[in-house]
Amino acid sequence: MEIATLLNLGCFVLCFLFSQNGKASGNSQLPVATKVWWTSINFKTILEWEPKPSGYAYTVEFFGKKTDVQKSPRCIKIQTTECDLTSFLLNLTDSYTAHVISEPIETVDKTEEYPFTRSDKFTPYKDTKIGQPTFKIEENEAKDNIKLLIETPLSSIRGPNNTFLSIQEIFKKDLEYVTYYRKASSTGKKEAKSKINEIDVPVDRGESYCFNVHIVIPSRSDENQQSQESATHCSHSEKPFYEEYGIGVLVGLILVPVLLLVAIITCACCCLRKKNANKEENSPDGVPLKGV
C-alpha cells in the first residue's frame, strides 16, 4: 500500500514539473524556446526568443487579463525567432503573456498539445520604451530667454483617422518634459521641467547654451520613466569665439595643427635620410657613394 502511494505521488510531481514549462505530451521531446523576451519601443512590440529551430517550428499564442487567447496568423509554424505583435496588443493597459509553442513542421493531430515556453508579463503602457524627442530653440528679442519647442516621437498605434498617434497623444497628462542645459563654455548642468511641450529657460544675454531633452512618465517604475535622450542643440552666441570658449581653447586649436605639421615634416626627413643611407651602402662597386 505504501509503495503504491509513493508511485502515485511520484507521478503527480513529474506531471507538475512538466506543466511549469509546457504541456506534457507525446511530443514533449521537442526542444523548447529559451530566453523569451519582449522588445518594445514607442509601442512597436516584438516577442523574441532562442534558439533558431531545426526540424521543427514555432507558433506564438498570447492572451491578457482582458484579452482572450489569440494567435497571430504571421506567427504560426514559423522557423524564425521573433513575432511582431504590435497590431494585436491594442489594449495598452492590459497585461499580456505569450506562449512560444514548439511544433512539428507537419502536424497530423491538431488536438495534440505541444511543449511551450511562457514569457514574462508585458504591459505596453508601463513597459514600452520611449524614443528620442526632438526640439527647436527660439530666443526672444531681448536675448534673455530661450523657449524649447518639443515634439514627441510617433507611436506605432493608429488613431481613429488611421494616422499614427504621438506619444503625447497616448500619455496625455501622465507625461512631462525635462531639459538639462548648460552654458556652452561650462560643464555645470541645470534642470527645467514642464507639463506642456514648451519649456522657458531664462539665460544670460549673449551667452550660448546647450540643451538636451527627456520625456518623463512619473507613474512608471524608476527604470522605465525616462525616454531616450534627445540630440544636443546649442543656441547662438553673440560673443567672439575666444571670449566664449576661452584663450586656452583658442591656443589649443592653433597649436595642434602646427605640432601635427612639425611631426609630419620630421618623419618625412627621417625617412629621406634613411633612404639615402641605404643607397650609399648598396652602390654598384660596394663602395659608399660618399667615398667616391
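Residues numbered from 1 in each chain as written. Predicted model: local features only at pLDDT ≥ 70, side-chain atom pairs only at ≥ 80, totals over all residues. Heavy atoms only, no water.

Trainee: Hey, could you run me through a positive patch on the surface in this one?
Mentor: Taken together, the side chains of K65, K66, R118, K121 and K126 make up a positively charged region of the molecular surface. Tracing the sequence through the fold places R118 in strand β7 (residues 116-118). Classification of R118 by relative accessible area gives partly exposed; the value is 40%. (Patch = residues over 30% accessible without salt bridge, like charges linked within 9 Å, V, L, I, M, F, W, Y side chains within 5 Å. Areas by Shrake-Rupley, 256 points an atom, 1.4 Å probe, with all protein chains shown as cover. Salt bridge = Lys/Arg side-chain N within 4 Å of Asp/Glu carboxyl O. Lys, Arg positive; Asp, Glu negative; His and termini not counted. Charge placed at Lys NZ, Arg CZ, Asp CG, Glu CD. Helix = DSSP H or I, 4+ residues; strand = E, 2+ residues; numbered from the N terminus. Buried < 20%, exposed > 50% of the residue type's maximum accessible area, 1.4 Å probe, protein only.)

Trainee: Would you take a moment to explain the pairing of strand β2 (residues 44-50) for this structure?
Mentor: Look at any regular strand and the pattern is simple: side chains alternate between the two faces of the sheet. Of all seven residues in β2, five are buried; the element is thus mostly enclosed. Strand direction decides the pairing type here: strand β1 (residues 34-41) and β2, joined by six bridges, are antiparallel. From the neighbouring strand, W37 faces β2, where its bridge partner is E48. Connecting the antiparallel pair β1 and β2 is a turn made up of two residues, with N42 showing a positive phi of about 55 degrees. In this structure, β2 lies alongside strand β5 (residues 82-84), joined through three bridges in antiparallel fashion. When the bridges of β5 are listed, L47 appears paired with C83. (Pairing = 2+ DSSP bridges.)

Trainee: What am I meant to see in the pattern of salt bridges here?
Mentor: Side chains that carry opposite charge are capable of pairing whenever their charged atoms lie near each other. In total, this model carries seven salt bridges according to the counting rule given. Across the pair K77 and E103 runs a salt bridge whose closest N-O atoms are separated by 3.5 Å. Taken as a pair, K77 in the loop between β4 (70-71) and β5 and E103 in strand β6 (residues 96-104) lie far apart in primary sequence, 26 residues in all. With relative accessibility at 11%, the residue E103 sits in the buried group. Here E191 makes a salt bridge to K193, at a shortest N to O gap of 3.8 Å. Of the residues examined, K193 reaches a relative accessible area of 54% and is grouped as exposed. Each of K183, D204 and E207 takes part in one network of salt bridges that share partners.

Trainee: How do you make sense of the sheet that holds strand β3 (residues 56-64) when you look at a structure like this?
Mentor: Two modes of strand pairing occur in sheets, parallel and antiparallel, and in both the strands are linked by backbone hydrogen bonds. Within the open sheet, the four strands sit side by side as β4-β3-β6-β7. Their pairing is antiparallel. Here the strands that pair on one side only, and so sit at the sheet edges, are β4 and β7. In terms of strand pairing, β6 meets β7 through three bridges, oriented antiparallel. The partner of I101 across the bridge, within β7, is F116.

Trainee: Can you walk me through the side chain of S102 in this structure?
Mentor: As for its placement among the helices and strands, S102 is situated in strand β6. For S102, a relative accessible area of 0% corresponds to the buried category. A distance of 2.6 Å separates the side chain of S102 from the backbone oxygen of P31, its partner in a polar contact. Not counting residues within four places of it along the chain, the set of residues in contact with S102 comprises L30, P31, V32, A33, Y56, A57, Y58, Y114 and P115. (Polar contact = N/O pair within 3.5 Å; in protein donor to acceptor, adjacent residues only side chain to side chain. Contact = heavy atoms within 4.5 Å.)

Function cannot be read off these values alone, since they describe shape.
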